[in-house]
Amino acid sequence: MYKVERLIVEWLDRHLTVIFIVAVSVCGILIRFMFRNFESGDSKAFLLPWWEEINNNGGIRALKYQTGNYNMLYQFLIAIMTYLPIKPLYQYKILSGIFDYLLALGVGYMSYNLTNKDMTKGVLAYAVTLMSPLVIFNSAAWAQCDSIYVFFIVLSLILLMDEHYGISFFMLGVAFSFKLQTVFILPFFIFYYFKERKFSIIQFLPIPLAMCVTAIPSLVMGRGIADVFMNYVEQIGTYTSLAINYPSVWCVVNEAVSPETLKAPAVIITVVLIGIFMYIWIKSAENMDKKKMLYCAFILAYTCVFFLPKMHERYGYLYEILAILIAFVDKKTIIPCVVLNMVSLITYSLYLYGVSYDMRILGCINGLVYLAYVVILVPIILKKS
């Protein structure tokens, strides 16, 4: 090897981590750029009309009205975007794309922190999250904002693990300000409150506080405090089907049974299952370290989405991201993680590309994956150190 060649190779070796991160980040931008003109059904039916309505009503001045069914914080961001000289579709995708990177950074940091400061796993977790087909399709193709609220949930979990309770719950409130689906992580916070008893129930107050603070622009323009919460109350009754393109336990009977017949029982069953996990963990689990906290959060979120009625395919985004993180923390979950993300990718393909499939089969596969995670993770949670 020539001297110059050796110097170059040695330089590359010393800076390999930085080079890899930059390369992956650039590839992430390029692949998202390739989807820039793709218009999903949601873009055509909701996102772009919302932008037009807010723009026509005066941008920021439009905040005194409810536009669409997303909450005030997202409506405020749309209002800001109306002043930018960029194609509206691109604006949505750029906004979500920025949070793709923040989410990947959050997952990478958690992986690094939970694997004894293993930089390699942290960097790889960042790369896998950023380049996950689900993450790319969700923001770059669908123009949806699930990476935004899940980023704030991940940030909230990081802060909770470091015992910064006040700011943790405030970040959880910011997540709620974006999406009602943040509720899927709430059972974990309730469980952790009862299990560890390290903070007062008063610490939950930053959740509604954050929702009100982030709604200040709309409140200044004339909206009421009640509007901050009523929008979510109205969303609950929007859909009637037991399963809406999500392979839940109910998709097996989704078309055969009246949704009203099983809606209430499905909710009760979900609450009971969550209660069973909580009871067992509170009574038996010891040394609730950061890894166990992650596993509990994942199982409870997964349980909510898999057993509750009226679930969409994108509602699994939170636990799908946590599954990627867990795969780096415990290699036994790599196969379930791959299967889980493949199942979700199939459900995305129906909406985005019209690919048909048998939801009952996907529901059974999803159920097996759920059981696999319970079998792998629950014994670890209950293990006494």
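The rules we used
- Residues numbered from 1 in each chain as written.
- Predicted model: local features only at pLDDT ≥ 70, side-chain atom pairs only at ≥ 80, totals over all residues.
- Heavy atoms only, no water.
- Helix = DSSP H or I, 4+ residues; strand = E, 2+ residues; numbered from the N terminus.
- Rg over C-alpha atoms; globule rule 2.2 N^0.38 Å.
- Buried < 20%, exposed > 50% of the residue type's maximum accessible area, 1.4 Å probe, protein only.
- Contact = heavy atoms within 4.5 Å.
- Areas by Shrake-Rupley, 256 points an atom, 1.4 Å probe, with all protein chains shown as cover.
- 1 Å grid on protein atoms, 1.4 Å probe; cavity = no way out; pocket = protein on both sides within 12 Å on 5 of 7 lines; lining within 4 Å.
- Points joined across faces, edges and corners; volume = space filled by probe spheres on them.
- Nonpolar A, V, L, I, M, F, W, Y, C, P; charged D, E, K, R; others polar.
- Salt bridge = Lys/Arg side-chain N within 4 Å of Asp/Glu carboxyl O.
- Expected span 1.5 Å × (residues − 1).
- Polar contact = N/O pair within 3.5 Å; in protein donor to acceptor, adjacent residues only side chain to side chain.
- Disulfide = S-S within 2.5 Å.

Considering the overall build of the protein
Right, on to step 1. Helix and strand counts for the protein come out as 18 helices and two strands.
Right, on to step 2. Relative to the globule expectation of 21 Å for 385 residues, the C-alpha radius of gyration of the protein, 22 Å, shows essentially globular dimensions.
Right, on to step 3. Dimensions of the protein, computed from the C-alpha atoms along their principal axes, are close to 70 × 55 × 45 Å.
Right, on to step 4. When burial is assessed residue by residue, the protein has 53% of its 385 residues classed as buried.
Right, on to step 5. Pairs at least 24 apart in sequence give 75% of the contacts found in the protein among residues at least 6 apart.
Right, on to step 6. For the protein, the exposed surface amounts to about 17400 Å²; the carbon and sulfur share of it is 70%.

Thoughts on empty space enclosed by the protein
Right, on to step 1. In total, this model carries one cavity of 30 Å³ or more according to the counting rule given.
Right, on to step 2. Considering only enclosed or pocket space, the largest cavity measures out at about 40 Å³ in volume.
Right, on to step 3. Class assignment of the residues belonging to the lining of the largest cavity gives a composition of five nonpolar, three polar and no charged.

Here we look at the pattern of salt bridges
Right, on to step 1. If you walk through the whole model with that rule in mind, you get ten salt bridges.
Right, on to step 2. Where Arg314 meets Asp42, a salt bridge forms, and the shortest distance between an N and an O atom there is 4.0 Å. Here Arg314, found in the loop between strand S2 (311-312) and helix H16 (317-329), pairs with Asp42, found in helix H3 (residues 41-56); they are 272 residues apart in sequence, far enough to count as distant.
Right, on to step 3. With a closest N to O distance of 3.0 Å, Lys290 and Asp162 form a salt bridge.

Points about the environment of Val174
Right, on to step 1. Along the chain, the position of Val174 falls in helix H9 (residues 165-178).
Right, on to step 2. Sequence-wise, Val174 and Ala210 are 36 residues apart; in three dimensions their C-alpha atoms are separated by 5.6 Å.

Here we look at the layout of surface pockets
Right, on to step 1. Empty space within the second largest pocket amounts to approximately 320 Å³.
Right, on to step 2. If you trace the second largest pocket, you find 13 residues lining it, with Ile29, Arg32, Phe33, Lys93 and Ile94 closest to the centre.
Right, on to step 3. Secondary structure elements with two or more residues in the lining of the second largest pocket: helix H2 (16-34), helix H5 (88-114) and helix H7 (133-141).
Right, on to step 4. No other element matches H5, which puts seven residues into the lining of the second largest pocket.

Observations concerning helix H15 (residues 290-307)
Right, on to step 1. Taking 1.5 Å per residue, 18 residues should reach 26 Å; H15 reaches 26 Å between its end C-alpha atoms and fits that length.
Right, on to step 2. In terms of residue burial, H15 counts as a mostly covered element, since 16 of its 18 residues are buried.
Right, on to step 3. Regarding H15, its N-cap is Asp289, as a side-chain oxygen of that residue lies 3.3 Å from the backbone nitrogen of Lys291 further along.

Some words on the state of the cysteines
Right, on to step 1. By the definition in use, this model includes zero disulfides.
Right, on to step 2. Sulfur of Cys296: no disulfide; nearest cysteine sulfur belongs to Cys304 and is 13 Å away.
Right, on to step 3. Accessibility expressed as a relative area gives 0% for Cys296, which makes it buried.

Some words on the side chain of Ser43
Right, on to step 1. Position of Ser43 among the secondary structure elements: in helix H3.
Right, on to step 2. Residue classification places Ser43 among the buried residues on the basis of a relative accessible area of 0%.
Right, on to step 3. A polar atom in the side chain of Ser43 sits 3.0 Å from the side chain of Ser40.
Right, on to step 4. Each residue touching Ser43, except ones within four places of it in the same chain, is listed here: Leu48, Pro49, Leu89, Trp142 and Ala143.

Brief notes about the environment of Phe38
Right, on to step 1. Summarising the element assignment, Phe38 is placed in the loop between H2 and H3.
Right, on to step 2. Classification of Phe38 as partly exposed rests on a relative accessible area of 22%.
Right, on to step 3. Not counting chain neighbours up to four residues away, the residues in contact with Phe38 comprise Leu89, Lys93, Ala141, Leu352 and Tyr353.

Here's the deal with H5
Right, on to step 1. If you check H5, its first and last C-alpha atoms are 39 Å apart, about what 27 residues at 1.5 Å a residue would give, namely 39 Å.
Right, on to step 2. By the criterion of burial, H5 is predominantly enclosed, with 20 of the 27 residues buried.
Right, on to step 3. Directly after H5, the chain includes Asn116, whose backbone phi takes a positive value near 60 degrees.

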